[in-house]
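For reference, the chains in residue letters:
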Amino acid sequence: MYRFFSSAYKFGGIAGALSIIAFITLSFLYPDPTNLNLVFGYVITPIAIFLAIKFFKEYSNNAYLSFAEGMSVGFVAYMLEAIISLGGIWLILLIHPDLFDQVKISKLDVLATSKESIVAQVGENSFDMTLESIKNMVPWDIALNDALWKIIPGLFFTIIFSIILRKNPN
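Residues numbered from 1 in each chain as written. Predicted model: local features only at pLDDT ≥ 70, side-chain atom pairs only at ≥ 80, totals over all residues. Heavy atoms only, no water.

Right, let's talk about the packing of aromatic side chains for a bit. The final tally for this structure, using the stated rule, is 8 aromatic pairs. Each ring, one from F55 and one from Y59, has its centre 5.2 Å from the other, and the planes form 50°; the classification is tilted. One end of the pair is F55 and the other is Y59, both in helix α2 (residues 34-60) and 4 residues apart, which spans about a single turn. On the basis of relative accessible area, Y59 is assigned to the exposed category, the value being 65%. Geometrically, the ring pair formed by F156 and F157 is edge-to-face, given 5.3 Å between the ring centres and 70° between the ring planes. An aromatic cluster is present here, built from F50, F156, F157 and F161 joined pairwise through their rings. (Phe/Tyr/Trp six-rings, centres within 6.5 Å; stacked < 30°, edge-to-face > 60°. Helix = DSSP H or I, 4+ residues; strand = E, 2+ residues; numbered from the N terminus. Buried < 20%, exposed > 50% of the residue type's maximum accessible area, 1.4 Å probe, protein only.)

Written out as structure tokens, the structure is:
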């Protein structure tokens, strides 16, 4: 089983660790590192998935890859990245509550400055619900959001790369 997923473990783990490092680095540069960390995730996730599937195909599976094998390797890679990122960001925000407060204030400021356009687009009720949800936000919410935005594009890219890199012996 390890042979089957060795590249997924490596690249998913590296991508998760890089995501945590990016969050820490961005927290020193910006008051709200969450949005730019999502952008970083959109870049690192497809790279990690592609490399995991490609390395599995070339070095563990004799240059052959079925769609199911590609999907399995990609799934393990992006889920491991998301879990590591979730745990790391959650712990960072628990250890540094001032960073969490800073992120929360930044999100409330953005909401306040965009109130008119948001109300025009979705209505007063939706704006009030969003405002209330941000006020009730906890560190777990930020970490879970980051993880979910690694899983969703991860699935998409896994499907694409599994089709592109597929090569069967027949």
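Next comes the rest of the write-up.
Take unusual backbone geometry next. Within the chain, N62 stands out as a residue other than glycine whose phi angle is a positive 55°. Structurally, the position occupied by N62 is in the loop between α2 and α3 (67-95). A positive phi angle is found at A63, which is not glycine, with a value near 65°. Residue placement: A63 occurs in the loop between α2 and α3.

As a further point, take the environment of L131. Inspection of the secondary structure assignment puts L131 in helix α6 (residues 124-135). Along the sequence, L131 and K115 sit 16 residues apart, while their C-alpha atoms lie 9.9 Å from each other. When neighbours within four sequence positions are excluded, L131 is seen to be in contact with L108 and L111. (Contact = heavy atoms within 4.5 Å.)

The next thing to look at is the pattern of salt bridges. Going through the model one piece at a time under the given rule, you end up with 3 salt bridges. For the salt bridge of K150 with D146, the shortest nitrogen-to-oxygen distance reads 2.9 Å. Remark: D146 and K150 occur in helix α7 (residues 139-164); sequence separation between them is 4 residues, near one turn of the helix. (Salt bridge = Lys/Arg side-chain N within 4 Å of Asp/Glu carboxyl O.)

Attention now moves to the packing of α2 against α7. Two elements in contact, α2 and α7, have axes whose closest approach is 9 Å; the angle formed by their N-to-C orientations is 35°. Regarding α2 and α7, the two cross each other, and that crossing is right-handed. Counted together, T34, N37, L38, G41, Y42, T45, P46, I49, F50 and I53 of α2 and I142, N145, D146, W149, K150, P153, G154, F157, T158, F161 and S162 of α7 form the full contact between these two elements. Considering only residue class, the contact of α2 with α7 consists of 11 nonpolar, 8 polar and 2 charged. (Axes fitted to C-alpha atoms, helices over the stretch in contact; angles between N-to-C directions. Left-handed = near helix turned anticlockwise from the far one by under 90°. Nonpolar A, V, L, I, M, F, W, Y, C, P; charged D, E, K, R; others polar.)

Turning our attention to the nonpolar core. Grouped together as the largest cluster of nonpolar side chains are 18 residues, with contacts concentrated most on F5, A8, I53 and V73. Breaking this core down by element, the ones donating at least two residues are α1 (2-29), α2 and α3. No other element matches α2, which puts 6 residues into this core. Dropping the residues within four chain positions of it, A8 is found in contact with G13, A52, V73, V76, A77 and L80. (Core = buried A, V, L, I, M, F, W, Y, C linked by side-chain atoms within 4.5 Å.)

Inspection of the secondary structure assignment puts T34 in helix α2. Considered as a pair, T34 and A22 are 12 residues apart in the sequence and their alpha carbons are 9.9 Å apart. Here K107 takes part through its side chain, which lies 3.0 Å from a polar atom of the side chain of T34. (Polar contact = N/O pair within 3.5 Å; in protein donor to acceptor, adjacent residues only side chain to side chain.)

One can describe the packing of helix α4 (residues 97-113) onto α6 by two numbers: an axis separation of 10 Å at closest approach and a directional angle of 165°. As the angle between them shows, α4 and α6 are arranged roughly antiparallel. Pair α4 / α6 crosses with left-handed handedness. Where α4 abuts α6, its residues K104, K107, L108 and L111 lie against F127, T130, L131, I134 and K135. Its residues assigned to classes, the contact of α4 with α6 comprises 5 nonpolar, 1 polar and 3 charged. (Parallel < 35°, antiparallel > 145°, perpendicular 65-115°, else oblique.)

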